[in-house]
Amino acid sequence: MTTPTGGVFAQGTASSTASPGLAGGRRVEVAVVEKSAFCVLPLTVAERLRFFAAEGLDVQIRDFPDATAAVQTVLQGRAQVLSASFGTAALLQARGVMPMTSFLLQGRTPQLVLGLSTQAHPESDPLRNVRSLRVGVAGLHTGAHRVARLVLRKAGVSPAQVQYVPLRQHDAAIRAFRTGQIDAICHTDPTITLLEQEGGLKVLADTRTVRGNAEVFGGPLPAACLAASATTLDKQPELFQAISHAMVRALKWLQTAGPSDVIRVVPEAYFMGDRALYLSAFARAREAWTPDGMMPEDGPGTLLKAVSSLGEMPELQEVDLARTYTNRFALKAKARFRA
């Protein structure tokens, strides 16, 4: 990774680009699912580098362990913005719970990797004659579960041959893989990078890259996003434009941030006691973040095809996908920061 000229504040200090129309710090509550996760790192960057403050915003980020708790906070009016997967936001609209609209895309891939234990399956084509497979996933009915099912189905492995084991925590997933409790794993970083470094993981599918993402899903699959109710977006466009400016600035920063920049900006707790591992995982994840916050036009359709093929989220087939997102705020931010 290269370090941009000027270090952490290569794109200007917080005070240098403040918006006078929003001076005074308008308070915004954001409900986020697992703030320390790589997929929502742009949110932390915008906060830590005071890009929100530069736009005259007082952003309070409330961290939740799962989507259910974060969504409830938004539904109850205790947060205006939801930071979660695009699928979560689209499903809320499709089910008539709340007309949520994604207005800023953070991740253009879900950063999930499916890998097989080389100790349990050392052969060159390990899935050809597999009789049973225990696959550790971050959780059932999650993105990790879907990626594993899609990839294994394409490889000709019958669902009856697979047992999925929920392993949400990093340490538990690593331990289960090392001790042979599972034959394969579908997880995010830094779990995957560590197993790769140890040499015991054969990668079958890697959605940390744009190409790998397309190979699994057949096109660009949008991941983490910022979403809000369509009514709120229409009533407070200035507010959401300011949020989008801060986020696109953070996304641009991530494209060139070097190791020293990351260490200075990312909270120590995110490293989980291993800075070197985090930096290695960061290098692999860089391509996963969108550079400009824009939703690809065929992104929602790719999601629909993927979940439909698995028999999930049938409600999405009834919703107008064009209404599940808007690029109007990201487009202006992209022009402003030349992202």
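Residue numbers run consecutively from 1 along every chain, following the written order of its sequence. In keeping with the predicted nature of the model, local features appear solely for residues at pLDDT of at least 70, side-chain atom pairs appear and are counted solely at 80 or more, and the whole-chain, interface and lining totals rest on all residues. Here the side-chain values reflect all heavy atoms present in the structure, with hydrogen atoms and water set aside.

### Things to note about the overall build of the protein
By the criteria applied, helices consist of DSSP H or I runs no shorter than four residues and strands consist of E runs no shorter than two, each listed in order from the N terminus. The helix and strand inventory of the protein stands at 14 helices and 10 strands. Here the C-alpha radius of gyration of the protein, 20 Å, is about what a compact globule of 339 residues would show, namely 20 Å. Principal axes of the C-alpha set define a box for the protein whose edges measure 65 × 45 × 30 Å. Exposure is judged per residue with a 1.4 Å probe applied to protein chains only, and the accessible area is read against the type maximum: over 50% gives exposed, under 20% gives buried, and values in between give partly exposed. Looking at the protein residue by residue over its 339 residues, the buried ones come to 53%. Contacts are assigned to residue pairs that have any heavy atoms within 4.5 Å of one another. Taking contacts inside the protein between residues at least 6 apart in sequence as the whole, the part at least 24 apart equals 80%. We get accessible surface area from the Shrake-Rupley algorithm with a probe of 1.4 Å; when it comes to residues, only the shown protein chains can shield them. A total accessible area of about 14,500 Å² is found for the protein, and carbon and sulfur atoms account for 50% of it. Positive and negative side-chain charges in the protein, numbering 36 and 29 respectively, have mean positions lying 2 Å apart. Computation of the radius of gyration draws on C-alpha atoms alone. For the globule rule, the value is 2.2 Å times the number of residues to the power 0.38. We treat Lys and Arg as the positive residues and Asp and Glu as the negative residues; His and chain ends play no part in the count. To locate a charge, take atom NZ for lysine, CZ for arginine, CG for aspartate or CD for glutamate.

### Here's the deal with the sheet that holds strand β6 (residues 133-137)
Within the open sheet, the five strands sit side by side as β7-β6-β8-β5-β9. Their pairing is mixed. Unpaired on one side and paired on the other, β7 (162-166) and β9 (201-206) mark the two borders of the sheet. In this sheet, adjacent strand axes meet at a mean angle of 25 degrees when their direction is disregarded. Contacts from helix α5 (residues 143-154) reach β5 (113-117), β6, β7, β8 (184-187) and β9, with the element oriented near 145 degrees to β6. A pair of strands is considered paired only if DSSP assigns at least 2 bridges between the two. Only the contacting stretch of a helix is used when fitting its axis, a line to C-alpha atoms as for every element, and angles between N-to-C directions run 0 to 180 degrees.

### Section: the pattern of salt bridges
The salt bridge definition used is simple: a Lys or Arg side-chain nitrogen within 4 Å of an Asp or Glu carboxyl oxygen. Here the structure, examined in full by the defined rule, presents 19 salt bridges. Residue R168 is joined to E34 by a salt bridge in which the shortest nitrogen-to-oxygen separation is 3.2 Å. Remark: E34 occurs in the loop between β1 (26-33) and α1 (41-48) and R168 occurs in the loop between β7 and α6 (170-178); sequence separation between them is 134 residues. The exposure class of E34 is partly exposed, given its relative accessible area of 36%. For R95, the salt bridge identified is with E315, shortest N-O distance 3.0 Å. Pair noted here: R95 is in the loop between α4 (86-94) and β4 (100-105) and E315 is in the loop between α13 (299-309) and α14 (328-337), with a separation of 220 residues, a long-range link. According to the relative accessible area criterion, E315 is partly exposed, its value standing at 25%. Overlapping salt bridges bring together D189, E196, D206, R208 and R284 as one network.

### Examining helix α12 (residues 275-285)
For an α-helix, 3.6 residues make a turn, and residues three or four places apart therefore share a direction. The set of residues buried in α12 consists of L277, Y278, L279, A281, F282 and A285. Along its buried surface, α12 packs onto α1, α7 (191-198), α10 (237-256) and α11 (259-265). Looking at where α12 begins, the residue whose side-chain oxygen comes 3.4 Å from the main-chain nitrogen of A276 is D274. Pairs of N or O atoms within 3.5 Å make up the polar contacts considered here, provided that, within protein, one atom can donate a hydrogen while the other can accept it, and that residues adjacent in sequence are counted only when both atoms are side-chain atoms.

### A word on the nonpolar core
Residues belong to one nonpolar core when they are buried, are Ala, Val, Leu, Ile, Met, Phe, Trp, Tyr or Cys, and are joined through side-chain atoms within 4.5 Å. Among the nonpolar cores identified, the biggest contains 51 residues, and L82, M100, L114, V135, L152, C186 and L316 are the most heavily contacted of them. Considering every element that reaches this core, the biggest residue donor is α5, with six residues. With residues up to four places along the chain from it excluded, the contact list for M100 reads V74, L82, A89, L92, Q93, A227, A228, S229 and T324. By size, the runner-up hydrophobic cluster in this structure holds 49 residues, among which are A228, L239, V266 and A281.

### Structural notes on the confidence of the model for the protein
In predicted models, pLDDT denotes the confidence assigned by the predictor to each residue on a 0 to 100 scale. Taken residue by residue, the protein gives an average pLDDT of 90. The fraction at 70 or more is 91%. Here residues 1-24 is modelled with pLDDT under 50, and outside its nearest four sequence neighbours on either side it reaches 52 contacts, counting other chains as well.

### Structural notes on the side chain of N213
Within the element layout of this structure, N213 appears in helix α8 (residues 210-217). Beyond its immediate stretch of four places on either side in the chain, N213 contacts R108, T109, P110, D206, T207, G218, G219, P220 and L221.

### Describing the environment of A90
Here A90 shows up in helix α4. On the basis of relative accessible area, A90 is assigned to the buried category, the value being 1%. A C-alpha to C-alpha distance of 9.9 Å links A90 and L303, two positions 213 residues apart in sequence. Sequence-distant contacts of A90, defined by excluding residues within four places in its chain, comprise L316 and T324.

### Here we look at unusual backbone geometry
Of the consecutive residues D189 and P190, the connecting peptide bond is found in the cis state with omega at 10 degrees. Tracing the backbone shows P190 in the loop between β8 and α7. The backbone phi angle of M313 is positive, close to 45 degrees, even though this residue is not glycine. Positionally, M313 belongs in the loop between α13 and α14.

### Structural notes on the pairing of β7
Two faces make up the sheet, and in a regular strand the side chains alternate between them. Across five bridges, β6 lies against β7 in parallel orientation. If you follow V137 over to β7, its bridge partner there is P166. In this view, the connection linking β6 to its parallel neighbour β7 by way of α5 has right-handed handedness. Here the term right-handed applies to a crossover when the path leading from its first strand over the helix to its second strand runs clockwise, the strands being oriented away from the viewer.

### Description of helix α3 (residues 67-75)
Listed as buried for α3 are A70, V71, T73 and V74. One side of α3 holds all its buried residues, which, seen down the axis, span an arc of 155 degrees. Those residues of α3 that are buried lie in contact with β1, β2 (57-64), β3 (81-85), α4 and β4. Picture the helix axis, draw a direction to every C-beta atom, and the arc is the one those directions span.

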